[in-house]
Amino acid sequence: MLEARQVAFEYPGPLRALDGIDVRLARGELAVVIGPNGSGKSTLLKVLAGLLAPCAGDVSLDGRSIAAYSARERARAIAVVPQYLPALPEVRVEDFVATGRYAHVTRFAAIGATDKSVVQRALEQCDAADLAARSLAELSGGQRQRVLIARAIAQETRVLLVDEPTSALDPEHQIRVLDLVASLVGAERTALLVMHDLNLASQYATRILLLDRGRVVADGDVEQVLVRDVLEPVYGRHLYYGRAPASGGRASASGRPFVLPWSERGAQPEH
């Protein structure tokens, strides 16, 4: 569905953020990108979305170069959830989420009853319906994150690209949001999430890509990537590796590996 071939990107300086990346996302995948700060995760997401143009290589959607899509066509196909809003607009939450429908309506036309129903359903799915009449400026960071995801859901796209979806959320809403994203992935939709939380990635990812200094250094399932031999050269040795119990707890996490940041001054945690 979405493919990057030998993609490179440089910021002024020059600073090479991506260096010859190959990524192919198929329908039905919930892929998670992990890696240390500055490894190129957010830049990769923006390049895949067509928001940044690579200095080398190409990104294609359904076999067609993303550069050939108009902004309106991209908005019908790819929804992007940023880490934060660069400028907080003075707008009601419901109106902000409704901007996700603009690619589906005739130019200069107002959104209709069907669009309003989609917006309401997206707010409800993100546990944000009670925020509809409030201003974005009044919301906490976690509330704004749920509203951003609601807007992406309202776009009804085939590709969902999400940058740090749980960074400002409490544990309960972390699980709710990731359960929701997982439920949206299916035969005709794929999702790519940038995450720092390796344990949430372990529970939800069908595939994990590990980035380091702008390159993909590992690409595989949870069992292949979340292991000491793969992670330690990238993250260092301050990690503790374990495995969730085979019974009890969340069914999706049963038997899966977990990785904790761990100081050498502390005793080894008990299973």
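Our subject is the structure that appears above.
Because the structure is predicted, anything quoted here is derived from the model rather than measured.

**Structural notes on the environment of G57**
Reasoning step 1: Mapping G57 onto the fold places it in strand 4 (residues 56-61).
Reasoning step 2: Given the relative accessible area of 43%, G57 is considered partly exposed.
Reasoning step 3: Leave out the neighbours within four places in its chain, and G57 touches R5, Q6 and V7.

**Notes on the packing of helix 4 (residues 113-125) against helix 5 (residues 141-155)**
Reasoning step 1: Contact geometry for helix 4 and helix 5: axes closest at 8 Å, N-to-C directions at 140°. By the angle between their directions, the pair helix 4 and helix 5 is classed as oblique. The interaxial crossing formed by helix 4 with helix 5 has right-handed handedness. Together, V118, A122, L123 and Q125 of helix 4 and A150, I153 and A154 of helix 5 make up the contact between the two elements.
Reasoning step 2: Looking at the contact of helix 4 with helix 5 residue by residue, the classes come out as six nonpolar, one polar and no charged.

**Some thoughts on the packing of helix 5 against helix 6 (residues 171-184)**
Reasoning step 1: Orientation of helix 5 relative to helix 6, taken along the N-to-C sense of each, is 10°, at an axis distance of 12 Å. In terms of their interaxial angle, helix 5 and helix 6 are classed as roughly parallel. Across the interface between the two elements, R146, I149 and I153 from helix 5 touch H173, V177, L180 and L184 from helix 6.
Reasoning step 2: The class makeup of the residues in the contact of helix 5 with helix 6 is five nonpolar, one polar and one charged.

**Observations concerning the pairing of strand 3 (residues 30-34)**
Reasoning step 1: Burial analysis of strand 3 places five of its five residues in the buried class, the great majority of the element.
Reasoning step 2: Going residue by residue along strand 3, you find L30, V32 and I34 tucked away on one face and A31 and V33 tucked away on the opposite face as well.
Reasoning step 3: Across four bridges, strand 3 lies against strand 8 (residues 190-194) in parallel orientation. Of the residues in strand 8, the one forming a bridge with A31 is L192.

**Concerning unusual backbone geometry**
Reasoning step 1: A cis amide bond, omega -5°, links G13 with the succeeding residue P14.
Reasoning step 2: Note on placement: P14 falls in the loop between strand 1 (2-11) and strand 2 (15-25).
Reasoning step 3: One non-glycine residue with positive phi stands out, namely D127, at about 55°.
Reasoning step 4: Along the polypeptide, D127 turns up in the loop between helix 4 and helix 5.
Reasoning step 5: Overall, D127 belongs to the partly exposed group, its relative accessible area being 32%.
Reasoning step 6: A positive phi is found at R213, a non-glycine position, where the angle reads about 50°.
Reasoning step 7: Turning to its location among the elements, R213 is positioned in the loop between strand 9 (207-212) and strand 10 (215-220).

The rules we used
- Residues numbered from 1 in each chain as written.
- Predicted model: local features only at pLDDT ≥ 70, side-chain atom pairs only at ≥ 80, totals over all residues.
- Heavy atoms only, no water.
- Helix = DSSP H or I, 4+ residues; strand = E, 2+ residues; numbered from the N terminus.
- Buried < 20%, exposed > 50% of the residue type's maximum accessible area, 1.4 Å probe, protein only.
- Contact = heavy atoms within 4.5 Å.
- Axes fitted to C-alpha atoms, helices over the stretch in contact; angles between N-to-C directions.
- Parallel < 35°, antiparallel > 145°, perpendicular 65-115°, else oblique.
- Left-handed = near helix turned anticlockwise from the far one by under 90°.
- Nonpolar A, V, L, I, M, F, W, Y, C, P; charged D, E, K, R; others polar.
- Pairing = 2+ DSSP bridges.

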